[in-house]
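Residue-level structure breakdown
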Amino acid sequence: MKKIDWLFMTSLFALIAIGIALVYSATSNTDLIWYRTEWFKQIVHFSIGILLAVVIVFLPARLWKNIAYFSYTLAIIALLFVMDSGHISKGAGRWLDIAGFRFQPSEFAKIAYLLASSLWLSKHRVSILYPKTLIVPGFMFIVPFLLVLKQPNLSTALVFTAMTLVQFYWAGFRFVDLFLFISPVVSVILSATSALYWNILIICVFFVSIKFKFPIWLIVLVMMLDVGGGFVSKMMWNSIEDHQRSRILTFLDPMRDPKGEGYQVIQSQVAIGSGGIFGKGFGEGSQTNLAFLPEKHTDFIFSVLGEQFGFFGVFIVLILFCILFLRGIMICRLHTDSFVNLVVSGACTILFFHTLVNVAMTIGFMPVTGLPLPFLSYGGSFVITCMILIGLLINMRLKGGNIY
C-alpha cells in the first residue's frame, strides 16, 4: 500500500466520476429504461475496466515481455479479419461481435503494439544515421498503421504514429533527429495549406542539418523528401474534386460552411463559450439539452463540461489530467529497465495524445476527429483500453524492478 501513488489514483477516480456524471447529464433526457441508458452502460464499462486493471496490477512484470510478440500477432490477425467481417459505424472504424460482445480491435491493437515495440526497442537502439536500425520497428509500425488507416480510421492511426515517435526518442533519437524524421510529412501538410510556412520549413531543415553536422547523404535525402513531398502534395491538391478541397478548407476554417462541415466545431465553441466562468449548472445548457451539440456524450463531452461547469470546471479537469500524466511518466524515474520506461512512456503518450487532440478539436484548434477523451467520453472498447493502460502503469510502478 505504501508504494501506491495516491495522488495518481485520486486524479484517476476523480476523472472517472466526472466522466460518468457528464455522460449522465448529456443523455438523461431519453426515455430509455435505466439499465439501457448510456450512463449505466458507462458504469458497467468502467467496472469491467477497473477489474481488468486490478488483475493486471497483480500479474508478474516479466509476463508483458513474454506475451509481447504473441499479442502483436493476434492484434494483426484481428485487424485483418475485421477488414472483411467487421461492422462499420458512421462510415469509419470497425467492430467485431464475439459472443454478443462488440469490441473494436484497433483499440486493443494499441496495447499489443505498445508491448511489442517496447520489447524490440529495449534491445535495439535506433538512429537516424543508421537507417537499417529503423527497418524492423518501422515494419512493426506500418502494418497496424495501414490496417487501421484502411478501415478507415485516420485518428486512431495517428495514435500509433505519436506512440512510435515518443518511443523512438526513448530508444536513441534526439529532438533534432525527430524533427528531420517527420519533416517530410510536415512538408506535405504545409505545402497544401501555406506556401509561406512550407518555405520556412525547408529553410529550417537545411540550416538545422548544417548546424548539427549531419552527413551529406542524409541532408540530401531529407531535402529531396521535403521538396518532393511538397510538390506531390500540390499536384494532389490540384487534382482532387472541388467538394473534397472545400471539405479540407472547412477543417481549417469552420465558418466557410457553418451549416455543413463546420457545424460541429461551431456548436462546440458556442457551448464552451456560453459556460462563462462557472458554467450554467449540472444538467443545464441549451446546446446540450436541445441537441444542438452533436456526439455530445462521446467526441464532444469536453464541450458539455465547458457549458455546464465553465472555465472553473475545465480548469479543474485539465489539472487532473496533468497530474495523471506527470505522475505516470515519473514512473520512469523509479526503474532503469528500458522496457519498463518504453511501456510507461508509450502508455502515457496514448492517453496524452487522445486528450490533446480531443480538447484541441472541441475548441477549434484542430480538425474534427474521432478521438474520444480518456475517462470522460462514453465508449466500451476505449474505456476498457484506458483502464488496461492504467493497470500497466501501476504494474510497472509496483513491479517494474522485477522485470526479469
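Attention here is on the structure that accompanies the text.

**Focus on the packing of aromatic side chains**
By the definition in use, this model includes 16 aromatic pairs. Considering the side-chain rings of F168 and F173, the 5.4 Å spacing of their centres and the 50 degrees angle between planes classify their relative orientation as tilted. An aromatic cluster is defined as three or more aromatic residues linked by ring pairs; in this entry it consists of Y24, W39, F40, F282 and F309.

**Focus on the packing of helix α4 (residues 105-123) against helix α14 (residues 338-362)**
Interhelical geometry of α4 versus α14 gives an angle of 145 degrees and a closest axis separation of 8 Å. Crossing of α4 over α14 shows right-handed handedness. Here K110, L114, L115, S118, L119, L121 and S122 of α4 come into contact with α14, specifically with S338, F339, L342, V343, G346, A347, I350 and H354. The residue makeup of the contact of α4 with α14, split by class, is nine nonpolar, five polar and one charged.

**Some remarks on the pattern of salt bridges**
Counted by the stated rule, this structure contains five salt bridges. Residues D337 and K65 are paired through a salt bridge, measuring 3.9 Å at the closest nitrogen-oxygen approach. Placement of D337 in the loop between α13 (301-329) and α14 and of K65 in helix α3 (residues 63-85) is noted, with a sequence separation of 272 residues between them. Owing to a relative accessible area of 9%, D337 belongs among the buried residues under this scheme. Taking the relative accessible area as the measure of exposure, K65 reaches 17% and is therefore buried. In this structure, D177 and R174 form a salt bridge, with 3.2 Å as the shortest nitrogen-oxygen distance. For D177, a relative accessible area of 5% translates into the label buried. When its relative accessible area of 39% is taken as the criterion, R174 is described as partly exposed.

Cut-offs and rules
Residues numbered from 1 in each chain as written. Predicted model: local features only at pLDDT ≥ 70, side-chain atom pairs only at ≥ 80, totals over all residues. Heavy atoms only, no water. Phe/Tyr/Trp six-rings, centres within 6.5 Å; stacked < 30°, edge-to-face > 60°. Axes fitted to C-alpha atoms, helices over the stretch in contact; angles between N-to-C directions. Helix = DSSP H or I, 4+ residues; strand = E, 2+ residues; numbered from the N terminus. Left-handed = near helix turned anticlockwise from the far one by under 90°. Contact = heavy atoms within 4.5 Å. Nonpolar A, V, L, I, M, F, W, Y, C, P; charged D, E, K, R; others polar. Salt bridge = Lys/Arg side-chain N within 4 Å of Asp/Glu carboxyl O. Buried < 20%, exposed > 50% of the residue type's maximum accessible area, 1.4 Å probe, protein only.

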